[in-house]
Amino acid sequence: MSSPEEQAFRLLTEYSNGFMVSQVLFAACELGVFDLLAEAPEPLGAAAVAARLGTSSHGTELLLDTCVSLKLLQVETKTGKALYQNTELSSTYLVRASPKCQGNMLRYLARTTYLCWGHLTQAVRDGRNQYLEAFGVPSDQLFSAIYRSEDERLLFMRGLQDVWSVSGRPVLGAFDLSPFPLICDIRRFGGSWVTMWPSTPAGALAARISRPPVTFRVRLFPGCSGALAKECTSLYPACRVAVFDTPEVVQTAEKHFSFPEAARISFCEGDFFKDPLPEADLYLLARVLHDWTDERCSRLLARIHRACKPGGGVLVVESLLAADGRGPLTAQLYSLNMLVQTEGRERTPAQYRALLAAAGFRHVQCRRTGGLYDAILATR
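Residues numbered from 1 in each chain as written. Predicted model: local features only at pLDDT ≥ 70, side-chain atom pairs only at ≥ 80, totals over all residues. Heavy atoms only, no water.

Caption draft 1: Geometry of the side chain of Glu-231. Inspection of the secondary structure puts Glu-231 in helix 12 (residues 227-235). Since its relative accessible area comes to 17%, Glu-231 is described here as buried. When neighbours within four sequence positions are excluded, Glu-231 is seen to be in contact with Trp-164, Ser-165, Gly-168, Arg-169 and Leu-172. (Helix = DSSP H or I, 4+ residues; strand = E, 2+ residues; numbered from the N terminus. Buried < 20%, exposed > 50% of the residue type's maximum accessible area, 1.4 Å probe, protein only. Contact = heavy atoms within 4.5 Å.)

What follows is the structure in structure tokens.
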């Protein structure tokens, strides 16, 4: 049995090697290891993987064996030859053909977020994001680095689609939103239109059919691919969603993304800090407030409160810190990520309650989903 000192040093070593683990994951995704093994009719040896990927035999074998230790791959030995195949984890989240694949978000993390984190020390010193140091982009232009090319913008949009394919339904279903017939989804610089039929008794079906739906403008995250809109129309079959974002993002979405629910999802353009907010029963802020300072959050929430109907409210979706701010670790890391990439931070339930109360929202409920993102429902 190892001594406490040895255990402490082992833990320190794991922490210091953490960036290597990320790079193993990023490299395997970039090279297409998981897709190749998913498409192969049987497990493959390192030489076969290297030949099909066009990589070195030595480097490929090292990468594959490390992926085995990380439980990203599994290996069996037959007649002295190691044969590799995907694990359930990689089959679910790292193979492009999977509906829950996170590969695009991982590529975005590797190309953009990882570079910003290389300047974390300076970010702590300065208290500002590191776009200038990482990409030569002024720190007040939060999304210029993300949109620095059409390819990067498309990668970011596909990454968001990955995120909401896993996390969208839990946060949209954390509370019963059926009492809110009109839902307005507000994002960073854009939005969406959501149309829902008000709840009616079965006997009032004829009246509901004769009454036209109410359509209104709302906003979505810049880089929005319509993924959260798809989750919304799936969870609430009576709604229609139109994604509202910058012209470049709308054009990219219409060009590169398909929408089987085309009759219920459409696109339009706008800017949420300047344009009047549409009337709605419920406003949805998903991964928005963590981008901004308290002052700018207060401005946005006050605007929403003024636009909100009596009895209406706002659903905030974020990674909640513990009451003392010292956990969970994932939320703390996300908060540091906000430091290196935006001007905001993750917050505790009490901090969100204070922001919402100051904006005029009286009744606030917080609900942890058990996933990456939690939900806060505040009503007037």
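Caption draft 2: Examining the nonpolar core more closely. One finds Tyr-283 and Leu-285 to be the most contacted residues of the largest nonpolar core, which totals 28 residues. Ranked by the residues each element gives to this core, the list is headed by helix 14 (residues 294-307), at five residues. Not counting residues within four places of it along the chain, the set of residues in contact with Leu-285 comprises Ile-186, Leu-300, Leu-301, Ile-304, Val-314, Leu-315, Val-316 and Val-317. Core analysis: the second largest hydrophobic core is formed by 27 residues, Phe-156, Leu-172, Leu-282 and Leu-315 among them. (Core = buried A, V, L, I, M, F, W, Y, C linked by side-chain atoms within 4.5 Å.)

Caption draft 3: Main features of the pairing of strand 9 (residues 363-367). Pairing of strand 9 with strand 10 (residues 374-379) involves five bridges; the strand directions are antiparallel. Paired with Arg-367 across the two strands is Ala-375, which belongs to strand 10. Taking the residues between adjacent antiparallel strands as the criterion, strand 9 and strand 10 are bridged by six residues, where Gly-370 takes a positive phi near 85°. (Pairing = 2+ DSSP bridges.)

Caption draft 4: Seen up close, unusual backbone geometry. Looking along the chain, the bond that leaves Gly-327 and enters Pro-328 is cis, with omega of -10°. Within the chain, Lys-71 stands out as a residue other than glycine whose phi angle is a positive 65°. The topology assignment puts Lys-71 in the loop between helix 5 (57-69) and strand 1 (73-78). Judged by relative accessible area, Lys-71 falls into the exposed class, the value being 61%. Even without being glycine, Thr-79 reaches a positive phi, approximately 50°.

Caption draft 5: The arrangement of a nonpolar patch on the surface in detail. Side chains of Leu-89, Tyr-93 and Val-166 sit close together on the surface and give an oily, nonpolar patch of about 220 Å² of accessible area. Relative to the helices and strands, Tyr-93 is located in helix 6 (residues 88-93). With relative accessibility at 33%, the residue Tyr-93 sits in the partly exposed group. (Patch = residues over 30% accessible without salt bridge, like charges linked within 9 Å, V, L, I, M, F, W, Y side chains within 5 Å. Areas by Shrake-Rupley, 256 points an atom, 1.4 Å probe, with all protein chains shown as cover. Salt bridge = Lys/Arg side-chain N within 4 Å of Asp/Glu carboxyl O.)

Caption draft 6: Geometry of the packing of helix 4 (residues 46-53) against helix 5. Where helix 4 contacts helix 5, the axes come no closer than 9 Å and their chain directions differ by 115°. In the packing of helix 4 onto helix 5, the handedness of the crossing is right-handed. Along the contact surface, helix 4 presents Ala-46, Val-49 and Ala-50, while helix 5 presents Ser-57, Thr-60, Glu-61 and Leu-64. Residues that form the contact of helix 4 with helix 5 fall into these classes: four nonpolar, two polar and one charged. (Axes fitted to C-alpha atoms, helices over the stretch in contact; angles between N-to-C directions. Left-handed = near helix turned anticlockwise from the far one by under 90°. Nonpolar A, V, L, I, M, F, W, Y, C, P; charged D, E, K, R; others polar.)

Caption draft 7: Broad picture of the pairing of strand 10. Strand 10 sits mainly inside the fold: six of its six residues count as buried. Here strand 10 shows two buried faces, one formed by Asp-374, Ile-376 and Ala-378 and the other by Ala-375, Leu-377 and Thr-379. The pairing of strand 8 (residues 308-318) with strand 10 spans six bridges and is antiparallel. Bridge pairing in strand 10 places Gly-313 opposite Thr-379.

Caption draft 8: Focus on the packing of aromatic side chains. Following the criterion strictly, the structure yields five aromatic pairs and no others. Their ring planes at 55° and their centres at 5.1 Å tell us that Tyr-108 and Phe-156 sit as a pair that is tilted. Here Tyr-108 is found in helix 7 (residues 103-117), whereas its partner Phe-156 is found in helix 10 (residues 150-172), with 48 residues between them in sequence. Take Tyr-108 and Phe-156: they sit in the same class, and that class is buried. Measuring from ring centre to ring centre gives 6.4 Å for Tyr-334 and Tyr-373, while their planes differ by 25°; the resulting arrangement is stacked. Of this pair, Tyr-334 sits in helix 15 (residues 329-341) while Tyr-373 sits in the loop between strand 9 and strand 10, placing them 39 residues apart in sequence. Owing to a relative accessible area of 25%, Tyr-334 belongs among the partly exposed residues under this scheme. A relative accessible area of 7% places Tyr-373 in the buried class. Grouping aromatic residues by their ring pairs yields a cluster made of Trp-164, Tyr-334 and Tyr-373. (Phe/Tyr/Trp six-rings, centres within 6.5 Å; stacked < 30°, edge-to-face > 60°.)

Caption draft 9: A look at helix 12. For helix 12, the buried fraction is high: seven of the nine residues fall into the buried class. By the burial criterion, the buried members of helix 12 are Ala-227, Leu-228, Ala-229, Lys-230, Glu-231, Cys-232 and Thr-233.

Caption draft 10: Fine view of the pattern of salt bridges. Tallied over the entire structure, the rule returns 11 salt bridges. Note that Arg-111 is salt-bridged to Glu-152, the shortest N-O span being 3.5 Å. In this pair, Arg-111 is assigned in helix 7 and Glu-152 in helix 10, connecting sequence segments 41 residues apart. Under the relative-accessibility criterion, Arg-111 is labelled partly exposed at 33%. Through salt bridges with shared partners, a single network forms among Glu-30, Arg-111 and Glu-152.

Caption draft 11: Local environment of the environment of Glu-346. Tracing the sequence through the fold places Glu-346 in the loop between helix 15 and helix 16 (349-359). On the basis of relative accessibility, which here comes to 1%, the residue Glu-346 falls in the buried class. Considering only alpha carbons, one finds Glu-346 and Leu-336, 10 residues apart in sequence, at a separation of 8.4 Å. The residues touching Glu-346, leaving out its near neighbours within four places in the chain, are His-290, Glu-318, Ser-319, Leu-321, Ala-331, Tyr-334, Ser-335, Met-338, Gln-351 and Tyr-352. Only 2.9 Å separates the side chain of Glu-346 from the side chain of His-290, close enough to count as a polar contact. (Polar contact = N/O pair within 3.5 Å; in protein donor to acceptor, adjacent residues only side chain to side chain.)

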